[in-house]
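# Breakdown of the fold
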Amino acid sequence: MKALILSVVIIMVTNVFSQTSKSKVNVFTQKDLNAYQLDQNTYDFIGKDSYLRRYSAVDTSSYFLDPRNYKGILNYGVSFEASDKRNFIFIEDYRVYYTDIAFERCNFSVADSIVELEGRISGGWNVMDFKGKPPSDLVEVALGTLEKGESTIYFPYNVKDQYQGKNGDFYTLVTHNGVPKQTTFSLDTLDAAFFSSVQFKKEFDAAMPFKIRCKVTPTTILSIGKVSCYVHFYALGEMVFAQNKKRPKVSPRRPKDAPRFQSIIENNEQVNSAKPKEETPAYYQLTAQAEQCITMRKYAKAKAAYTSLAASYSTLYARDIHNAIRVCVLSRDLDSAFWWSEKLASKGIELPYFNSKLVSGLKKNPRWKSFSVRYDSIAKKAQKNWDIPLKRAMIALCDEDQSDYGLENRKDSRALYETTERVTAKLVDLLRQKGFPSEEKIGAFTKKDTILVQSPDFYVVFRHAVQQKPKSLDELNALLDSFYKEFAFDKKRSSTHRNFPGACFHIYKGNLYIDKSCAYNSDSMVQKMVFMFKNPHGFIIDNGNFIISEYNPDDPKEWDDYYEANFNLVQKLTDDWKFYEK
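Residues numbered from 1 in each chain as written. Predicted model: local features only at pLDDT ≥ 70, side-chain atom pairs only at ≥ 80, totals over all residues. Heavy atoms only, no water.

### With respect to the overall build of the chain
Put simply, the test is: Comment: elements are numbered from the N terminus, with helices defined as DSSP H or I runs of at least four residues and strands as E runs of at least two. In this description, contact between two residues means that some pair of their heavy atoms is separated by no more than 4.5 Å. To measure how exposed things are, a 1.4 Å probe is used in the Shrake-Rupley method; for residues, cover is taken only from the protein chains shown.
Looking only at helices and strands, the chain has 15 helices and 23 strands in total. Across the chain, every contact between residues at least 6 apart in sequence was considered, and the portion connecting residues at least 24 apart equals 74%. Counting only carbon and sulfur atoms, one obtains 52% of the accessible surface of the chain, whose full area is about 31,300 Å².

Right, dumping it as structure tokens:
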């Protein structure tokens, strides 16, 4: 009898244990999920509204693209031309934003292999980061079997697509590596990841928590992502079925000043290109150092930078001599001020230059009389050596250009292209024969005697060539590059080759704005922009690429709305915002 009772008890205990095992729920924490995270900050989530989609009218499923080797549209050999020859400027910026995932609940039912998961996404972009209408702010949560492979990316194009412009409709002509295109074409094949089978997929409002309930297998991968953001992958199946879990991992704290995104393409340039970047010549490193000191009113340090410049280079640009004279005066080093002033004479600038307020004090110095005689002699000798035919030829080309580009008699875009085609061909021939019209060959330019001109009027023919892209542009650029290396042409600081439509900084109504497609990573640039309005001593500072937008009193709302939608305010620069109209 005792044996029988014992047997019944054993059976009852075994059944209870079996039922408990089947109904068991395993609970996982944020730290557990962190330990099973895969390929962090590697793949861009590509949804139906994403930038780099596979071009397919049928396949609209999301996938995941590794953008690190994406070169950019122009770098794949794509070029654009407007059908009516108007200026066509293509600017590409591509960035991927960082996000964080906070898991609030993760339970796994052993009996039926069902996971219940809750959490929320934070970080990433906001509506202020997009020009015009931003994409839908949705987060996609999916579970399935993930496979890695490659994806071909395309440039969507139809030669028949028309665009509206202020001067009438037009269409774009696109070539790829010199071959005209009619329809969509492939650009590259990049590493990618796809769900070969999907167990669960749903979109949630990114501002709200997401909740899912799904059956999983040991190979199930969880993905959480949204447009223009790095996707989060977790080996969810491996975690819940593991006999021995990985060691939990604490979520790293993101510093407050950490970047919000990774730039892939910035103003048409590949940011993380393996190609070594061209090192800035020491000349410009020294001038940048000096100008930074000037904006901070550290004139003695600026003077030291210019002294190093003069010791290292025999040829100096007039704008740097101009600045060096001023920092010497402000440092009360008149010996050096006279030394630098004499260098300016070799540029053919005449003595009335010294009538400007800051440097006019040199005239009160006892050395002025002997200095002025010597200066005048050097300036006149420099002028005698000028290549006058070259100077006249450049002025003639400028006149030919402006006869069609002038505001009073401006011709249509096709006629302007033909003008630039003709003028550029003549310009190339002239530069081949005579060299560049440098300060040594034709002198530096001033206005009202005391103000140094950074860009002579004839620079407009170079600017129009860059904008219009005539057939001889490559030949012109090759010549200009050689002149730049010889310190005959200050290409690095010249406005001729700056992509003004791609400028990040704009000044409008006295406010400094930054384009939403640009990263705010240049405090020194902002400092220079502020200095522009507080520059009583007439320094010439390289302010980089920026645009001043004029106020339109006839339709002020148009530009007000444009800046509100497409730019972020950095700071107010001045209340006298009509300064550029005076």
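### Overview of the confidence of the model for the chain
Spelled out, the test is: The pLDDT value tells you how sure the predictor is about a given residue, anywhere from 0 up to 100.
When pLDDT is averaged along the chain, the result is 86, and 88% of the positions lie at 70 or above. Taken together, the stretch residues 1-21 has pLDDT below 50 and engages in one contact with residues farther than four places along the chain or on a different chain. Residue range residues 55-59 is modelled with pLDDT below 50. Its contacts to residues more than four positions away, or to other chains, number five contacts.

### Some words on helix α9 (residues 388-405)
Quick note on the threshold: Each residue after the first adds 1.5 Å to the expected span of a helix. Type-normalised accessible area, obtained with a 1.4 Å probe on protein chains alone, sets the label of each residue: buried when under 20%, exposed when over 50%, and partly exposed for intermediate values. The arc in question is the one spanned by the directions pointing from the helix axis to the C-beta atoms. As used in this structure description, the phrase polar contact means that two N or O atoms lie within 3.5 Å; if the pair is within protein, one of them must be able to donate a hydrogen and the other to accept it, and residues adjacent in sequence are counted only when both atoms belong to side chains.
For α9, which comprises 18 residues, the first-to-last C-alpha distance of 25 Å matches the rise-based estimate of 26 Å (1.5 Å per residue) to within 8%. Buried residues of α9: L390, M394, L397, C398, E400, D401, D404 and Y405, and no others. Taken around the axis of α9, the buried residues stretch over an arc of 160 degrees, which confines them to a single face. Between a side-chain oxygen at the N-terminus of α9 and the backbone nitrogen of L390 the separation is 3.1 Å; the capping residue is D387.

### Some thoughts on the nonpolar core
Rules: Here, the term nonpolar core denotes a set of buried Ala, Val, Leu, Ile, Met, Phe, Trp, Tyr and Cys residues that are joined through side-chain atoms within 4.5 Å.
The biggest cluster of nonpolar side chains holds 44 residues, and the ones touching the most others in it are I294, Y306, W340, L344, F354, L362 and Y375. When residues in this core are grouped by element, the largest group, seven residues, is from helix α6 (residues 318-330). When neighbours within four sequence positions are excluded, F354 is seen to be in contact with S341, V359, S360, L362, K363, W368, F371 and Y375. I121, F204, V216 and I224 belong to the second-largest nonpolar core, a separate cluster that totals 39 residues.

### Regarding the sheet that holds strand β20 (residues 505-508)
Applicable threshold: A pair of strands is considered paired only if DSSP assigns at least 2 bridges between the two. Comment: axis = line fitted to C-alpha atoms, over the contacting stretch for helices; angle = value between 0 and 180 degrees taken between N-to-C directions.
Judged by pairing direction, the sheet is mixed, and its four strands sit side by side in the order β22-β20-β21-β23 without closing on themselves. Both edges of this open sheet fall to β22 (546-549) and β23 (567-572), since each of them pairs with a single strand only. Neighbour to neighbour, the strand axes of the sheet diverge by 30 degrees on average, direction disregarded. Inspection of the sheet shows β20 paired to β22 by four bridges, in the parallel sense. Looking across to β22, one finds that I507 is bridged to I548.

### Examining the pattern of salt bridges
Quick note on the threshold: Each salt bridge in this description consists of a side-chain nitrogen of Lys or Arg and a carboxyl oxygen of Asp or Glu lying within 4 Å of one another.
Inspection of the entire model under this criterion finds 28 salt bridges. It is possible to trace a salt-bridge network through shared partners that takes in E400, D404, K411, R422 and K426.

### Overview of the side chain of D66
As for its placement among the helices and strands, D66 is situated in the loop between β4 (63-65) and β5 (78-82). Taking the relative accessible area as the measure of exposure, D66 reaches 7% and is therefore buried. Within the structure, D66 has its side chain in polar contact with the side chain of R68 (distance 2.5 Å). Those residues in contact with D66, other than ones at most four positions away along the chain, are T42, Y43, L190 and D191.

### Digging into the environment of L512
Examined against the element boundaries, L512 turns out to sit in strand β21 (residues 511-515). The buried category is assigned to L512, whose relative accessible area is 0%. The spatial distance from the C-alpha of L512 to the C-alpha of F567 is 9.7 Å, given a sequence separation of 55 residues. Residues in contact with L512, not counting those within four places in the same chain, are F505, H506, I507, V526, M529, N568, L569, V570, Q571 and L573.

### Focus: unusual backbone geometry
Excluding glycine, a negative phi dihedral is what most residues carry, and trans is how most peptide bonds are arranged. Of note in this structure, K448 is not a glycine but carries a positive phi near 55 degrees. Within the secondary structure, K448 sits in the loop between β18 (445-447) and β19 (451-453). Even without glycine at this site, K469 takes up a positive phi of about 55 degrees. Within the fold, K469 resides in the loop between α12 (460-468) and α13 (473-485).

### Brief notes about the sheet that holds strand β2 (residues 37-38)
Reading across from one edge, β2-β15-β14-β9-β12-β4-β3 is the order of the seven strands in this open sheet, with antiparallel pairing throughout. Looking at the sheet topology across the chains shown, the edges are occupied by β2 and β3 (44-46). Direction of pairing for β3 relative to β4: antiparallel, over a ladder of three bridges. The residue bridging D44 from the neighbouring strand is L65, located in β4.

### Some words on the pairing of strand β14 (residues 221-225)
Across the five residues that make up β14, a large majority, five, are buried. Of the two faces of β14, the one lined by I221, S223 and G225 and the one lined by L222 and I224 are each fully buried. Across five bridges, strand β9 (residues 138-158) lies against β14 in antiparallel orientation. Among the inter-strand pairings, L143 is bridged to a residue of β14, identified as L222. Direction of pairing for β14 relative to strand β15 (residues 232-234): antiparallel, over a ladder of three bridges. Note that in β15 the partner of L222 across the bridge is Y234.

### Regarding the packing of helix α5 (residues 299-312) against α6
The condition is simple: Comment on the angle field: the value is read as roughly parallel under 35 degrees, roughly antiparallel over 145, roughly perpendicular from 65 to 115, and oblique elsewhere. For any helix crossing, the convention is left-handed if the near helix is rotated counterclockwise from the far helix by under a right angle, and right-handed if that rotation is clockwise. Nonpolar residues are Ala, Val, Leu, Ile, Met, Phe, Trp, Tyr, Cys and Pro. Charged residues are Asp, Glu, Lys and Arg, and all others, Gly as well, are polar.
Relative orientation of the contacting elements α5 and α6 amounts to 140 degrees, with a least axis distance of 9 Å. Accordingly, the angle class assigned to the pair α5 and α6 is oblique. Considering only the axes of α5 and α6, their crossing is left-handed. Residues Y299, A302, K303, Y306 and L309 of α5 form the contact with α6, whose participating residues are D320, N323, A324, V327, C328 and L330. The class makeup of the residues in the contact of α5 with α6 is eight nonpolar, one polar and two charged.

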